[in-house]
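Spelled out, the chains give:
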Amino acid sequence: MNEKKTSNGSLETELKTSRPSCHLTTDQAVSSGENVLVEDKVAELVTSIKSTMSDQGPTNATFNEQLTELRKDLLPKVVEKWEDLNDDSKKSLEEMGNYYCKLNLLVNLGEEANKALKLFEHAATEGKNPLAFLSSNESGSCRLTRTVCEAFHPRGSQTAGVSEYFDVHLFENGVQSKLIEFIGNRFNIVFYNSAAVFYHKSHIQDFLFKWPSPNRLLQLVAKDIVEPVYLAGVRALGIPDEIVTSPFFRLTENTKFVLELNPHLKRMQECFEKWSADSSPLLEGATLFDEEIVPIHRDDMFDSLFQEQGVQLETLTQEALEIIFNSWLILFERQAQDQLPGGKYASPTSDQLAQAANVPATNMASERDFGIFDLLLHFKACSKIDFT
């Protein structure tokens, strides 16, 4: 198969793009000397697809249905003595497994946390930072994380950033920067960097207090970094990084196939429900996964998040966490429903396990491929992209 640039992500466009891709692949097989018809090779190729792995875009479910129907039409041409098979055997051959990337779930958790924190901040604060963009859909907590990285990371703002001076300030205090760039990172970046921002909050406050004539970006950070509600929101994003999102990221990297995640997804559902009602155990360092399976990285950044704070910050953090987990629970039960209790893959049969044996837990490899493809389009905009 190949990668093609499409005009949009509609179902009709996806189907039109995939059909010539199949023919191109089979044409190459036929031209290599195999004595077969192109139509037979196309049927063989399409029916060999037993499972799909995609994100949860609105067109993917319908695309999967169309692909399943296409396989049903082609199977009689591929399977010998199809008409002699009983109904159960035919049904077993016709069934497909449709799975969804679990790293896209992390992206969606980040977007959902941003929405939840906007509601939290609206209820807990009066007014807005006058230096922030009024039309932004970003919560103040996520804005603080992003602007800190723009100001103090080498790959942040090239016009307003002061990363070299901030690194010197940290060096003088015997500390190394924990911030990482947003560029090139997608799945867990807002959670990790929020933990890093909370760890560096006193370093940032001290640096900005000493900095003469700060520019607009530094003024924005200076106002946000002392706001208790925003700090609580940043901490409420950082704590899940240590307990939920980063461990889950590492878990998916070490999972052989997608259905191995079932017990872990069930555990996440149970904890989300519990922490949505009372997140105080989380503030005390409660873990989500068995540490023998997914170790927790306990370092200075971890300690700063779970160190007891003042009453106001502790209360605000707990409230923010409970709002986040309430919104996460709704999203999680919808997007992971197939592998949760009651879902069609929750208690997989031997046939389903065999079918999913080669299905990874994530689309990471494909995401990287399309990242490289996007880079090629950027640097070689006039090149032909019929086959990449």
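**Q** Give me the overall build of the protein chain: which residues, what numbers.
**A** What the protein chain contains, in helices and strands, is 17 helices and 2 strands. Put simply, the protein chain has 388 residues, and 47% of those count as buried. The contacts in the protein chain between residues at least 6 apart in sequence include a share of 75% that link residues at least 24 apart. Surface accessibility of the protein chain: about 20,900 Å² in total, with carbon and sulfur atoms responsible for 51%.

**Q** Describe in detail the pairing of strand β1 (residues 51-54), supporting the description with residues and values.
**A** In β1, alternate side chains face the same way, and those of Ser-51 and Met-53 on one face and Thr-52 and Ser-54 on the other are all buried. In terms of strand pairing, β1 meets strand β2 (residues 97-100) through 4 bridges, oriented parallel. In the strand pairing of β2, Ser-54 is matched with Tyr-100.

**Q** Before we move on, could you go through the side chain of Lys-102 and cite the residues and values that matter?
**A** Tracing the chain through its elements places Lys-102 in helix α5 (residues 102-124). Buried charge without a partner: Lys-102 forms no salt bridge, and the closest opposite charge is Asp-338, 7.6 Å away. Non-local contacts of Lys-102, meaning those with residues more than four positions away in its chain, are made with Phe-248, Thr-252, Val-258, Leu-261, Leu-265, Gln-339, Ala-361 and Thr-362.

**Q** Tell me about the packing of aromatic side chains, and please be specific about residues and values.
**A** Centre-to-centre distance and the angle between the planes together describe a pair of aromatic rings. Tallied over the entire structure, the rule returns 14 aromatic pairs. Relative to Phe-249, the ring of Phe-187 has its centre 6.2 Å away and its plane inclined at 90°; by these criteria the two rings are edge-to-face. With Phe-187 in the loop between α7 (163-172) and α8 (189-199) and Phe-249 in helix α11 (residues 228-253), this pair connects stretches of sequence that are 62 residues apart. Of the residues examined, Phe-249 reaches a relative accessible area of 17% and is grouped as buried. Members of the aromatic cluster, connected to one another through ring pairs, are Phe-191, Phe-272, Trp-275, Phe-325, Trp-328 and Phe-332. Over the ring of Phe-198 we find Lys-201, and its NZ or CZ is 4.1 Å from the ring centre.

Cut-offs used in this document
Residues numbered from 1 in each chain as written. Predicted model: local features only at pLDDT ≥ 70, side-chain atom pairs only at ≥ 80, totals over all residues. Heavy atoms only, no water. Helix = DSSP H or I, 4+ residues; strand = E, 2+ residues; numbered from the N terminus. Buried < 20%, exposed > 50% of the residue type's maximum accessible area, 1.4 Å probe, protein only. Contact = heavy atoms within 4.5 Å. Areas by Shrake-Rupley, 256 points an atom, 1.4 Å probe, with all protein chains shown as cover. Pairing = 2+ DSSP bridges. Lys, Arg positive; Asp, Glu negative; His and termini not counted. Salt bridge = Lys/Arg side-chain N within 4 Å of Asp/Glu carboxyl O. Phe/Tyr/Trp six-rings, centres within 6.5 Å; stacked < 30°, edge-to-face > 60°. Lys NZ or Arg CZ within 6 Å of the ring centre and 35° of its normal.

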